[in-house]
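What follows is each chain in one-letter form.
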Amino acid sequence: MIAMETKPKEKFFIMVRGKARKGFSRGCIGHVEAETQRGELMGQLYSSGSNAGSPKSGGIVRKEDTYPLTRHQAQLLLFVSPSSKRLELLCNPQLFSAICELSQDDLVVVKHKKGHLPALVKNLMQIGRKENQEDLHMLGFEVEFVDSGHCLSMKKPAPLPLFSAADIIQVVPSYSVPFGLHWKDSQYGDLNRKAVTHINSMPNIQSHEQQSWEAHTDQTVLQSQSPSTSHMPLEVGSMVEVVSTTGVTVYGVIRWLGLLGEKTDEWAGIELDYEVNGCSDGKYGAQRYFTCKGNRALFVPVAKCSPDSRFVHSSTGTETLKPTDAPPVPLFEDSEEHVPPIPESEASTLLLGRMKGIQGHFNSCYLDATLFSLFISSTTLDSICHKPADTEQPITCTLRKIVNRLRRQGFVPAESVMNFRKQLGCDTFQTEEKDSEEFITLLLQKVLCMEPLLKLRSKGETSQGAYTFQIFLEKEQMGQIPTVQQLLDTSFLSCDLKFEEVPSCLIVQMPRFGKKYKMFPQIIPSTELDVTDLLYNSPRECFVCGHLAEHECLQCLPDRKLQPGRIKQYCTTCSTQVHTHPSRQDHSPRALTVPAGAATDAPVSRHTMQLFAVLCIHTSHYVSFVKYGADPRSWLFFDSMADRCGDDHTGYNIPEIRACPELGDFLSQSEEELARADPRQDDELVRRLLCDSYMFFYQNPSTPLSQ
């Protein structure tokens with residue numbers, strides 16, 4: 001029999017983790033009936049759908065699997081469907097907190113079938129019927145759209161549309177709306193409505209004076225009333241705000257700076273936080289300057305931009321968000337269960353935006369970018385997630401919690417990573433810049449206790465293990481713009497190395513020395529790496545006739561008459577014929593180790609590896625590009641220190657994840673087209689990848705990316 005204690009009054013919760021049992025699954029909302037002496041909760045689970053406010057069943061759940069809610073929070077979340085969207089909203093605590101405190105006539109931005117539109121909150125509505133004492137009304141918001149030229153023509157006023165808390169994507173701070181501003185009436189079409197009741201819990205504050213939102217169809221849709229008075233420098237990546245002629249403020253991130261067409265002053269291309277009709281996807285006229293979602297690219301003179309006042313002190317002296325006040329982070333309790341990579345279909349919802357990914361702190365970008373690359377989409381190293389918790393080292397357990405949190409919530413705060421850095425065993429990992437290859441070796445060897453990923457056989461028939469592979473070659477052996485495939489092939493032949501087996505994960509380090517010197521100005525990524533001709537004691541095809549190869553020649557590798565950059569192996573007959581040419585008579589082909597019993601004319605199976613991440617470095621700062629699904633355009637860009645709130649001593653870094661479909665478009669071109677590409681004409685992120693690549697991460701196709 002379970003011993004019970006007196007229950008606290010009016011306690012609610014939401015399930016945030018744990019396997020579904022007795023109807024309690026992630027995202028479900030319950031009411032605490034009692035708490036056991038073992039710390040478990042006995043609760044009533046609320047239904048879904050039209051009867052969401054009626055208790056459906058009861059049961060016992062672990063307290064650590066829940067997150068506490070107030071009655072008001074529970075009512076707001078009950079109206080959110082499906083339940084997964086409730087957890088997404090909780091993962092944005094700053095927004096959810098602002099939604100819970102909304103008052104009448106507060107300005108918000110909502111998701112509507114016509115796009116993301118500004119609106120005024122008018123009423124807090126009770127949804128559903130309360131037939132029993134245990135029933136709980138759901139809560140939604142009736143809003144009145146601000147006239148922005150989007151109004152639907154109606155013969156008579158329609159009822160105010162009803163939205164859930166999850167439909168609100170931004171709460172516009174009151175200080176960003178000029179005092180005395182009043183909004184013009186507008187009518188919109190009705191949404192699907194349920195039985196609702198007006199309630200008087202929303203404060204009836206004084207309305208603003210009436211004035212309309214003006215959205216022009218020109219891409220200079222929003223203009224400031226006066227140039228910014230701030231002297232803070234603005235650059236690509238800066239968080240800014242722009243005020244319309246009517247006083248409405250929009251927020252975004254500068255993605256491009258420069259001269260626009262024939263204009264003489266400097267302009268900024270801004271990716272807005274939400275869609276505004278009349279904006280683009282990064283084009284101005286016929287020219288593309290950057291890439292983002294449709295209706296989010298705004299082009300304005302730089303003089304019209306101001307630093308985002310939500311993260312600095314306002315000009316009136318009124319303090320907004322203090323630099324030392326990092327945004328609140330939702331409670332996270334790790335479980336022993338394995339958290340798989342985020343499905344491709346959910347990645348954009350959970351990952352994209354600011355305060356996403358791993359938050360950087362004090363020279364941690366090398367570590368943040370490496371962990372993000374290895375774990376966000378690939379399952380190659382997921383063995384750490386399957387080990388029993390009681391057999392793990394404390395540092396391995398800490399790493400698993402970071403990976404699970406990243407995959408479940410899409411965000412890992414800096415303190416979690418700092419705890420991991422402290423456990424790495426050397427004080428310099430807490431304070432100093434490190435090379436990624438040093439960290440990867442430590443991570444795989446000491447933290448994960450893994451055998452070397454690579455088994456290499458050298459010329460002297462000795463075998464050695466390695467966790468990464470450093471490209472070594474002479475610059476004269478390659479063209480100006482090599483591919484990763486060409487670099488790997490040439491390096492293996494030059495050093496007389498072979499793989500003993502196809503690796504599960506191959507991390508290739510580019511030929512560069514220190515953080516400044518690069519052997520090649522740009523390197524073309526190979527999305528698929530063919531390692532067939534790099535395997536020891538494995539059958540290979542003759543480069544000329546396709547029969548079983550018995551010789552290979554390093555000197556033939558750069559031969560412009562024989563497809564330069566391709567490994568050249570020959571059968572005995574073709575090797576003799578090729579090397580009778582005067583220009584090749586001084587070559588020294590060497591014999592291959594041929595498997596016993598290999599057929600001389602049987603086709604050879606190809607062994608390939610897939611690119612899943614690229615680590616880049618520029619001026620000591622690491623960022624990463626990650627492939628998160630099967631679609632060729634499913635690429636992400638991650639920067640753990642994309643921006644900063646506050647100064648070096650009292651502030652915090654703002655990590656950001658951006659969609660990068662233009663990289664997929666670029667890599668879908670042929671090798672010849674890629675070689676002719678001019679990085680000066682490419683998108684900013686594509687150019688960054690080509691010029692700053694440092695490490696390429698490949699995996700065996702038997703461990704696919706998230707689907």
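Residues numbered from 1 in each chain as written. Predicted model: local features only at pLDDT ≥ 70, side-chain atom pairs only at ≥ 80, totals over all residues. Heavy atoms only, no water.

### As for the overall build of the protein chain
Thinking step 1. Summing up its helical and strand segments, the protein chain has 14 helices and 38 strands in all.
Thinking step 2. A separation threshold of at least 6 residues defines the contact pool for the protein chain, and within that pool the share at least 24 residues apart is 66%.
Thinking step 3. In the structure as shown, the protein chain presents an accessible area of about 31,900 Å², 48% of it carried by carbon and sulfur atoms. (Helix = DSSP H or I, 4+ residues; strand = E, 2+ residues; numbered from the N terminus. Contact = heavy atoms within 4.5 Å. Areas by Shrake-Rupley, 256 points an atom, 1.4 Å probe, with all protein chains shown as cover.)

### Thoughts on the nonpolar core
Thinking step 1. One finds Phe420, Leu443, Leu506 and Phe625 to be the most contacted residues of the largest nonpolar core, which totals 97 residues.
Thinking step 2. Of all hydrophobic cores here, the second largest spans 40 residues; its members include Leu76, Leu90, Phe141 and Leu162. (Core = buried A, V, L, I, M, F, W, Y, C linked by side-chain atoms within 4.5 Å. Buried < 20%, exposed > 50% of the residue type's maximum accessible area, 1.4 Å probe, protein only.)

### Looking at the sheet that holds strand β31 (residues 551-552)
Thinking step 1. Taken in spatial order, the 3 strands line up as β32-β31-β33 in an open sheet, and their pairing is antiparallel. In this open sheet, the two strands that pair with only one neighbour each are β32 (569-570) and β33 (590-591). (Pairing = 2+ DSSP bridges.)

### Thoughts on empty space enclosed by the protein
Thinking step 1. Summed over the entire model, instances satisfying the criterion amount to 2 cavities of 30 Å³ or more.
Thinking step 2. Approximately 60 Å³ is the volume attributed to the largest cavity.
Thinking step 3. Lining the largest cavity are 13 residues, and of these Arg512, Lys518, Phe520, Ile523 and Ser693 lie nearest its centre.
Thinking step 4. Class assignment of the residues belonging to the lining of the largest cavity gives a composition of 8 nonpolar, 2 polar and 3 charged. (1 Å grid on protein atoms, 1.4 Å probe; cavity = no way out; pocket = protein on both sides within 12 Å on 5 of 7 lines; lining within 4 Å. Points joined across faces, edges and corners; volume = space filled by probe spheres on them. Nonpolar A, V, L, I, M, F, W, Y, C, P; charged D, E, K, R; others polar.)

### Examining the packing of aromatic side chains
Describing an aromatic ring pair means giving the distance of the ring centres and the angle of the ring planes.
Thinking step 1. Applying the stated criterion to the full structure yields 15 aromatic pairs.
Thinking step 2. Ring centres 6.0 Å apart and planes at 85° place the aromatic pair Phe145 and Phe163 in the edge-to-face group. In this pair, Phe145 is assigned in strand β9 (residues 138-145) and Phe163 in strand β10 (residues 162-163), connecting sequence segments 18 residues apart. Phe163 shares its class with Phe145; the two are buried.
Thinking step 3. Members of the aromatic cluster, joined through ring pairs, are Trp256, Trp267, Tyr284, Tyr289, Phe290 and Phe299.
Thinking step 4. Its guanidinium or amino end placed over the ring of Phe429, Lys434 lies 4.7 Å from that ring's centre, counting from NZ or CZ. (Phe/Tyr/Trp six-rings, centres within 6.5 Å; stacked < 30°, edge-to-face > 60°. Lys NZ or Arg CZ within 6 Å of the ring centre and 35° of its normal.)

### Considering the pattern of salt bridges
Thinking step 1. Applying the stated rule across the entire model yields 18 salt bridges.
Thinking step 2. The shortest N-O distance in the salt bridge between Arg255 and Glu656 comes to 2.4 Å. Of this pair, Arg255 sits in strand β14 (residues 249-259) while Glu656 sits in strand β37 (residues 652-659), and the two are 401 residues apart along the sequence. Note on accessibility: Arg255 and Glu656 belong to one class, buried. (Salt bridge = Lys/Arg side-chain N within 4 Å of Asp/Glu carboxyl O.)

### Some remarks on the layout of surface pockets
Thinking step 1. As a volume, the second largest pocket reaches approximately 1,300 Å³.
Thinking step 2. For the second largest pocket, the lining is made up of 49 residues, of which Glu235, Val236, Gly237, Glu684 and Arg688 are closest to its centre.
Thinking step 3. Mapped by element, the contributors of at least two residues to the lining of the second largest pocket are β14, β17 (287-288), β36 (635-645), β37, α12 (661-667) and α14 (684-692).
Thinking step 4. The element that contributes the greatest number of residues to the lining of the second largest pocket is β36, accounting for 7 residues.
Thinking step 5. A breakdown of the residues in the lining of the second largest pocket according to their chemical character gives 21 nonpolar, 10 polar and 18 charged.

### A look at the sheet that holds β14
Thinking step 1. An order of β18-β15-β14-β13-β19 is seen for the 5 strands of this open sheet, with the pairing classed as antiparallel. Both edges of this open sheet fall to β18 (297-301) and β19 (306-307), since each of them pairs with a single strand only.
Thinking step 2. In terms of strand pairing, strand β15 (residues 266-272) meets β18 through 5 bridges, oriented antiparallel. By the bridge assignment, Ile270 is partnered in β18 with Leu298.

### Let's talk about the state of the cysteines
Thinking step 1. Taken as a whole, this structure holds 0 disulfides when the rule is applied.
Thinking step 2. Of all cysteine sulfurs, the one in Cys542 lies closest to Cys545, which takes part in no disulfide; the gap is 3.7 Å. (Disulfide = S-S within 2.5 Å.)

### Focus on the environment of Thr441
Thinking step 1. Along the chain, Thr441 falls in helix α9 (residues 436-447).
Thinking step 2. With 27 residues separating them in the primary sequence, Thr441 and Thr468 have C-alpha atoms 7.7 Å apart.
Thinking step 3. Residues within four places of Thr441 in sequence aside, it is in contact with Lys446 and Tyr467.

### Digging into α14
Thinking step 1. Every buried residue of α14 is accounted for by Glu684, Leu685, Val686, Leu689, Leu690 and Asp692.
Thinking step 2. Capping the start of α14, Asp683 holds a side-chain oxygen 3.0 Å from the backbone nitrogen of Leu685, two or three residues further along. (Polar contact = N/O pair within 3.5 Å; in protein donor to acceptor, adjacent residues only side chain to side chain.)

### Structural notes on the confidence of the model for the protein chain
Thinking step 1. Summary statistics for the protein chain give a mean pLDDT of 78 and a share of 77% for residues scoring 70 or more.
Thinking step 2. Contacts of residues 1-8 to residues separated by more than four positions or lying in other chains number 15 contacts, the stretch itself having pLDDT below 50.
Thinking step 3. Low confidence marks residues 148-156, where pLDDT is under 50. Its contacts with residues over four positions away, or in another chain, come to 13 contacts. (pLDDT = per-residue confidence, 0-100.)

### As for the pairing of strand β4 (residues 40-46)
Thinking step 1. Of all 7 residues in β4, 5 are buried; the element is thus mostly enclosed.
Thinking step 2. Pairing geometry for strand β3 (residues 29-36) and β4, over 5 bridges, is antiparallel. Across the sheet, residue Ala34 finds its bridge partner in β4, namely Met42.
Thinking step 3. Adjacent in sequence and paired antiparallel, β3 and β4 are bridged by 3 residues, among which Gly39 carries a positive phi angle near 85°.

### Re the environment of Asp489
Thinking step 1. With respect to the element layout, Asp489 can be found in helix α10 (residues 484-495).
Thinking step 2. Residues Asp489 and Ile567 lie 78 residues apart in sequence; the distance between their C-alpha atoms is 6.6 Å.

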